[in-house]
Amino acid sequence: MKIIRLKPGKERSLQRRHPWVFDGAIAKGGADAGETVRVDSADGQFLAWGAYSPSSKIRVRAWSFDQAQRIDSAFFRDTLRRAIALRERMGIASNGLRLVHGESDGLPGLVVDRYGDTLVAQFGAAGVERWKDVIADALLELTGCPRLYERSDASSRALEGLPAVTGWLRGDGPTAFELQEHGWRLGLDIALGHKTGYYLDQRDSRGTLHDYTKRLKFAQVLNCFSYTGGFSVAALAGGAGHVTSIDSSGPALEQASANLLLNGLNPAQATFIDADVNASLRQFVSEGRQFDAIVLDPPKLAPTAAHAERAARAYKDINRLAFKLLPPGGVLFTFSCSGGIGVELFHKIVASAASDAGVDGAVLQRLGGACDHPMTTAFPEGEYLKGLVIMKKL
Ligand code: SAH
């Protein structure tokens, strides 16, 4: 067993059960990609078992903090079993859910979503890449699903020195799927869609928009970064008068339009705009347009903390423009899914955008990712998705 020895004083985060060891914390030691290593403090005390990743800044990701734990097939099977059992216990009313959420489930880099009887997995780090076959077999056995599609094409794979890989890893079948959520039908494609096919993490917030629409009777809704129109369906199903959806992906908007029809919603109450949200918001401001509710759900603008400053400016800009488009009593649903931007910073950015727009806002609610994307106390980075519901004061 290869040993990674940390520099003095660098043992604290592992002692708090945070699973990452950065390259700068290591005094000596190395291993092959994904190889299991033992991480010791500078004075030779055992800290964790982990997977070594020679080309990543996150040089080791911990599997276990228990010295007696063996990192073998049984370990993966048991960790997966517990993650899946947790979702069963959550009782989520949808046929699409996240079974494994990486570090939060003790399996750094692994994401597994279940769509009906099809599993879709992302192997995002050297450790889970090395154990891929063991993980795939255990997943089929534990879920009873006959097929697993691999979507290891996230840009973060490159940071691990891994190439993009997609395709059936076990079994095969159709890649189109109809998701059921809050009683709506949402078409998606696990091979062609973003991430594993859908943004399951926004399930609760789509429900929240639906509830607000019913209560506040929004006439005009603007859904920015709409993807396949989940929030658009939510608003129209809640009785919105009209929804304008903007996205820069043509195929996503085609699916969004199809999703409206799937739910028996009236296409005359919907406008789809294939454009850059920034440009559209500026145009709407110059035209003096107003929307009673606006959803801002941009892509990850700051994948890591290093991008935070530039991303902060981008977040502030779109939020400032959105605030200008709200009439008094209008409501902004604003999100950030950037791991590099914490909750407090996000709140500060949105507050300063409101102030620049001359808007006094009442925070009605704080939002986060759905419960099948849990965060844990040891891994605050798991709280990547945060949102605010803000009403422009009368
Ligand atoms: N709210 C969606 C998920 C949004 S993901 C849901 O609930 O499913 C972010 C979306 O932003 C993606 O669909 C992507 O195509 C789009 N996008 C990224 N940059 C954009 C830009 N500058 N202008 C418009 N859309 C953009």
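Residues numbered from 1 in each chain as written. Predicted model: local features only at pLDDT ≥ 70, side-chain atom pairs only at ≥ 80, totals over all residues. Heavy atoms only, no water.

1. Considerations on the state of the cysteines
One pass over the structure, following the stated rule, counts zero disulfides. Cys-337 supplies the cysteine sulfur nearest to Cys-224, a cysteine that is in no disulfide, at a spacing of 15 Å. (Disulfide = S-S within 2.5 Å.)

2. Quick notes on helix H9 (residues 277-287)
Residues Val-277, Ser-280, Leu-281 and Phe-284 constitute the buried set of H9. For H9, the angular spread of the buried residues around the axis is 100°, confining them to a single face. At the C-terminal side of H9, Gly-288 shows a positive phi close to 70°. (Buried < 20%, exposed > 50% of the residue type's maximum accessible area, 1.4 Å probe, protein only. Helix = DSSP H or I, 4+ residues; strand = E, 2+ residues; numbered from the N terminus. Arc of directions from axis to C-beta.)

3. Overview of the packing of aromatic side chains
Per the counting criterion, the structure on display carries 16 aromatic pairs. When the ring of Tyr-149 is compared with that of Trp-168, the centres are 5.0 Å apart and the planes differ by 90°; the resulting orientation is edge-to-face. Within this pair, whereas Tyr-149 is found in strand E10 (residues 147-152), its partner Trp-168 is found in strand E11 (residues 165-170), the two being separated by 19 residues in sequence. Geometrically, the ring pair formed by Phe-231 and Phe-335 is tilted, given 5.7 Å between the ring centres and 35° between the ring planes. In this pair, Phe-231 sits in helix H7 (residues 230-237) while Phe-335 sits in strand E18 (residues 331-336), placing the two residues 104 residues apart along the sequence. A residue is classified by how much of its surface remains accessible, and Phe-335, at 2% relative accessible area, is buried. Put simply, the rings of Trp-63, Phe-75, Phe-76 and Trp-131 touch in pairs and so form one group of aromatic residues. The residue whose ring lies beneath Arg-215 is Tyr-212, and the NZ or CZ to ring-centre distance is 4.7 Å. For Arg-289, the ring lying beneath its charged end belongs to Phe-284, and the centroid distance is 4.7 Å. (Phe/Tyr/Trp six-rings, centres within 6.5 Å; stacked < 30°, edge-to-face > 60°. Lys NZ or Arg CZ within 6 Å of the ring centre and 35° of its normal.)

4. With respect to the sheet that holds strand E19 (residues 361-368)
Reading across from one edge, E16-E15-E14-E17-E18-E20-E19 is the order of the seven strands in this open sheet, with mixed pairing throughout. Here the strands that pair on one side only, and so sit at the sheet edges, are strand E16 (270-274) and E19. For this sheet, the mean angle separating the axes of adjacent strands, direction not counted, is 15°. Here seven bridges tie E19 to strand E20 (residues 386-392), and the two strands are oriented antiparallel to one another. Of the residues in E20, the one forming a bridge with Leu-367 is Gly-387. In the packing of helix H6 (residues 203-216) onto the sheet, contacts are made with strand E17 (293-296), E18, E19 and E20, and the angle to E19 comes to roughly 145°. Strands strand E14 (220-224), strand E15 (242-247), E16 and E17 of the sheet are contacted by H9, whose axis makes an angle of about 150° with E14. (Pairing = 2+ DSSP bridges. Axes fitted to C-alpha atoms, helices over the stretch in contact; angles between N-to-C directions. Contact = heavy atoms within 4.5 Å.)

5. With respect to the UniProt feature "domain: PUA" (unreviewed entry) in the protein
UniProt marks residues 2-85 with the feature "domain: PUA" (unreviewed entry), using the numbering shown here. With 20% helix and 36% strand, the stretch residues 2-85 has end C-alpha atoms that lie 33 Å from each other. (UniProt positions renumbered as here; feature names shortened; annotations may be inferred.)

6. Things to note about helix H11 (residues 343-356)
Look at H11: 20 Å from first C-alpha to last across 14 residues, which is about the 20 Å you get at 1.5 Å a residue. Burial in H11 covers these residues: Val-343, Phe-346, His-347, Ile-349, Val-350, Ala-353 and Ala-354. Across the axial projection of H11, the buried residues extend over an arc of 160°, all falling on one side. H11 presents Glu-344, Lys-348 and Ser-355 as exposed residues on the side facing more than 90 degrees away from its buried surface. Taken together, the buried residues of H11 touch helix H10 (308-324), E18, E19 and E20. (Expected span 1.5 Å × (residues − 1).)

7. Overview of the site of the ligand
Surveying the vicinity of the ligand reveals 16 residues, the closest of which are Arg-206, Asp-247, Asp-276, Val-277 and Asp-297. Between Asp-247 and the ligand, the recorded distance is 2.7 Å, taken from a side-chain N or O atom to an oxygen atom. Val-277 is positioned such that a nitrogen or oxygen atom in its backbone is 2.9 Å from a nitrogen atom of the ligand. Broken down by class, the residue content of the shell around the ligand amounts to seven nonpolar, five polar and four charged. (Near = heavy atom within 4 Å. Polar contact = N/O pair within 3.5 Å; in protein donor to acceptor, adjacent residues only side chain to side chain. Nonpolar A, V, L, I, M, F, W, Y, C, P; charged D, E, K, R; others polar.)

8. A closer look at the pairing of E15
Within E15, six of the six residues are buried, leaving the element largely enclosed by the surrounding structure. Along E15, one buried face is formed by His-242, Thr-244 and Ile-246 and the opposite face, lined by Val-243, Ser-245 and Asp-247, is buried too. Where E14 meets E15, five bridges bridge the pair, whose relative direction is parallel. Residue pairing for E15: Val-221 is matched across the bridge by Val-243. Tracing the backbone out of E14, into H7 and back to the parallel element E15 gives a crossover that is right-handed. By the bridge criterion, five bridges tie E15 to E16 in an arrangement that is parallel. Across the sheet, the residue bridging to Ile-246 is Ile-273, located in E16. (Right-handed = clockwise from strand over helix to strand, strands pointing away.)

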